Amino acid sequence: MIDTRALDQLAERLRSARAVAAMTGAGISAESGVPTFRGNDGLWRSYSAADLATPEAFARDPGLVWEWYRWRRSLIARARPNAGHLALARLQSRLPGCTLITQNVDGLHHRAGSTGVIELHGNIWRARCARGCGFVADESRVDPGAAEGDDDQPLPACPCGARLRPDVVWFGEALDEDLIDAAVRAAGSCEVFLAVGTSALVYPAAGLPLIAGRAGALVVEVNVDDTPLTPHAGLVLRGKAAETLPELESRV
Ligand code: BV8
Ligand code: ZN
């Protein structure tokens, strides 16, 4: 049952806030049918996401890693932004200085109409040169299903001759400096920080709500479960993002 008093309180704070930041994780896309990273739906053929989202996995078996990303692309291609994505897009358009940060690579916030989204971990629809020559391809028009089940599908190659890799940040890889700097600035200067659908385990993203709290912001957690962030949150909205966020947005 959503705590309506807490929602009213939060809506009041949002209306008067000069700057708001929201950071989302895989939980906001769960209700669009996109598997989360650590939930039991986060497994693929008995591999854990963390085993595959690494440069070592790609170096060891680029075909396997590309098969996993093509499988995820085929799920995401069939997914639609849910009421949680849409509520955040409406909140963003109505609240001045509302910055949306996401750890997700599925592009669903953009499809929901959000603008200026800080995609900390990249975007699954882009591929980039694995050697770093600078080539980047937008593959959002490529039918991910075309490659499905075709195991001897040749690995995508960069015009420079190196391999192409998904344009996402893997474990052990540095985030884009400009993106993490923009996210830290937004977290350090906001009055309200919404942490939505994230297990608050992956750094440096998980450090952002802590930066906001230390700078005096009200940190709000929207999640179905407790996380390491819960004790640091000034307000916890225990529930599904696709139910809680529309309820909140309708009060602002
Ligand atoms: C870096 C892109 C340094 C790929 C991803 C020990 C301690 C601390 C840190 C480390 C450590 N060992 C290693 C590290 C660093 C590591 C890290 O933090 N590891 C963790 C696991 C301990 N971090 C890194 O490696 C980062 N890089 O540190 O680089 C560096 C510096 C300079 C030079 C070189 C290196 C890079 C991290 C980025 C990894 N890439 N994704 C891809 O997607 O394919 S991270 C991956 O996890 C996804 O992006 C995902 O979004 C992210 C975080 O997970 P969540 O989004 O939170 O999702 P999760 O499934 O975990 O949780 C879902 C939540 O939703 C749950 O809480 C659930 O209850 C909730 N939920 C479910 N349904 C709903 C819901 N909530 C609301 N409504 C619902 N309906
Ligand atoms: Zn190249």
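Fair warning: this is a prediction, and the values are worked out from it, not measured in the lab.

(A) Representation of the site of ligand 1. Around ligand 1 there are 35 residues in total, and Arg38, Tyr69, Arg72, Gly172 and Ser199 lie nearest to it. Backbone polar atom of glutamate 173 to a nitrogen atom of ligand 1: 2.8 Å apart, as the coordinates give it. Taken by itself ligand 1 offers 1,500 Å² of open surface, and the protein chains cover 72% of this. Elements represented by at least two residues in the shell around ligand 1 include exactly helix H2 (27-30) and helix H5 (62-78).

(B) Quick look at the pattern of salt bridges. With the rule as written, the count across this model stands at 12 salt bridges. Notably, a salt bridge pairs glutamate 249 with arginine 90, separated by 3.0 Å at the nearest N-O pair. In this pair, glutamate 249 sits in helix H10 (residues 241-249) while arginine 90 sits in helix H6 (residues 83-94), placing the two residues 159 residues apart along the sequence. Assessed through its relative accessible area of 7%, glutamate 249 is described here as buried. One network of salt bridges, in which partners are shared, links Glu119, Arg126, Arg128 and Asp167.

(C) Looking closely at the domain arrangement of the protein. Domain annotation of the protein identifies domain 1 (1-33 + 81-121 + 173-252) and domain 2 (35-78 + 125-168). At the interface, 13 residues of domain 1 touch 14 residues of domain 2. Across the pair glutamate 173 and arginine 165 runs a salt bridge whose closest N-O atoms are separated by 2.7 Å. For the pair domain 1 and domain 2, the number of links is two residue pairs in polar contact (both at pLDDT 80 or more). Taken together, the residues of the side of domain 1 that touches domain 2 sort by class into five nonpolar, four polar and four charged.

(D) Representation of the coordination of the zinc ion (ligand 2) in the model. Donor atoms from the polypeptide that bind the zinc ion (ligand 2) are Cys129 (SG), Cys133 (SG), Cys158 (SG) and Cys160 (SG), placed at 2.2 to 2.4 Å. Its four donor atoms give the zinc ion (ligand 2) angles of 105 to 121° at the centre, a pattern that matches the tetrahedral case. Sequence spacing of the donor residues for the zinc ion (ligand 2), all on one chain, is C-x3-C-x24-C-x1-C. Owing to a relative accessible area of 4%, cysteine 158 belongs among the buried residues under this scheme.

(E) Quick peek at unusual backbone geometry. With an omega dihedral of 0°, the bond running from tyrosine 203 to proline 204 counts as a cis peptide bond. Tracing the chain through its elements places proline 204 in the loop between strand E9 (192-196) and helix H9 (208-214). Even without a glycine there, the phi angle at alanine 200 is positive, about 55°. Within the fold, alanine 200 resides in the loop between E9 and H9.

(F) Seen up close, the sheet that holds strand E8 (residues 164-168). Strand order in the open sheet formed by three strands is E7-E6-E8, and the pairing between neighbours is antiparallel. Taken across any chain shown, the strands that pair with only one partner, and hence form the sheet edges, are strand E7 (136-138) and E8. With direction set aside, neighbouring strand axes in the sheet form an average angle of 40°. In this sheet, E8 lies alongside strand E6 (residues 122-129) in antiparallel orientation, the contact comprising four bridges. Bridge pairing in E8 places arginine 128 opposite arginine 165. Packed onto the sheet, H5 meets E6 and E8 and runs at close to 140° relative to E6.

(G) Focus on the packing of aromatic side chains. In the structure shown here, the tally under the stated rule is four aromatic pairs. Taking 6.5 Å as the distance between ring centres and 70° as the angle between the ring planes, the aromatic pair formed by phenylalanine 37 and tryptophan 68 counts as edge-to-face. Of the two residues, phenylalanine 37 sits in the loop between H2 and strand E2 (43-44) while tryptophan 68 sits in helix H5, which places them 31 residues apart along the sequence. A relative accessible area of 26% means that phenylalanine 37 is categorised as partly exposed. Take tryptophan 68: its relative accessible area is 4%, and that puts it in the buried class. Between the aromatic rings of phenylalanine 58 and tryptophan 170, the centroid separation amounts to 5.3 Å while the plane-to-plane angle is 40°, which identifies the pairing as tilted. In this pair, phenylalanine 58 is assigned in helix H4 (residues 55-60) and tryptophan 170 in the loop between E8 and helix H8 (177-189), connecting sequence segments 112 residues apart. Grouping residues by exposure puts phenylalanine 58 and tryptophan 170 together as buried. Through a chain of ring-to-ring contacts, three or more aromatic side chains come together here, namely Phe37, Phe58, Trp68, Tyr69 and Trp170. Arginine 72 extends its terminal NZ or CZ atom over the ring of tryptophan 68, reaching a point 4.5 Å from the ring centre. Stacked on the ring of tryptophan 170, the Lys or Arg arginine 165 has its end atom at 3.8 Å from the ring centre.

Cut-offs and rules
Residues numbered from 1 in each chain as written. Chains lettered and ligands numbered in written order. Predicted model: local features only at pLDDT ≥ 70, side-chain atom pairs only at ≥ 80, totals over all residues. Heavy atoms only, no water. Near = heavy atom within 4 Å. Polar contact = N/O pair within 3.5 Å; in protein donor to acceptor, adjacent residues only side chain to side chain. Areas by Shrake-Rupley, 256 points an atom, 1.4 Å probe, with all protein chains shown as cover. Helix = DSSP H or I, 4+ residues; strand = E, 2+ residues; numbered from the N terminus. Salt bridge = Lys/Arg side-chain N within 4 Å of Asp/Glu carboxyl O. Buried < 20%, exposed > 50% of the residue type's maximum accessible area, 1.4 Å probe, protein only. Domains from an automatic or database assignment. Contact = heavy atoms within 4.5 Å. Nonpolar A, V, L, I, M, F, W, Y, C, P; charged D, E, K, R; others polar. Donors = N, O, S within 2.8 Å, 3.2 Å for Na, K, Ca; no water. Tetrahedral: all angles 85-135°; square planar, octahedral: opposite > 155°, others 65-115°. Pairing = 2+ DSSP bridges. Axes fitted to C-alpha atoms, helices over the stretch in contact; angles between N-to-C directions. Phe/Tyr/Trp six-rings, centres within 6.5 Å; stacked < 30°, edge-to-face > 60°. Lys NZ or Arg CZ within 6 Å of the ring centre and 35° of its normal.

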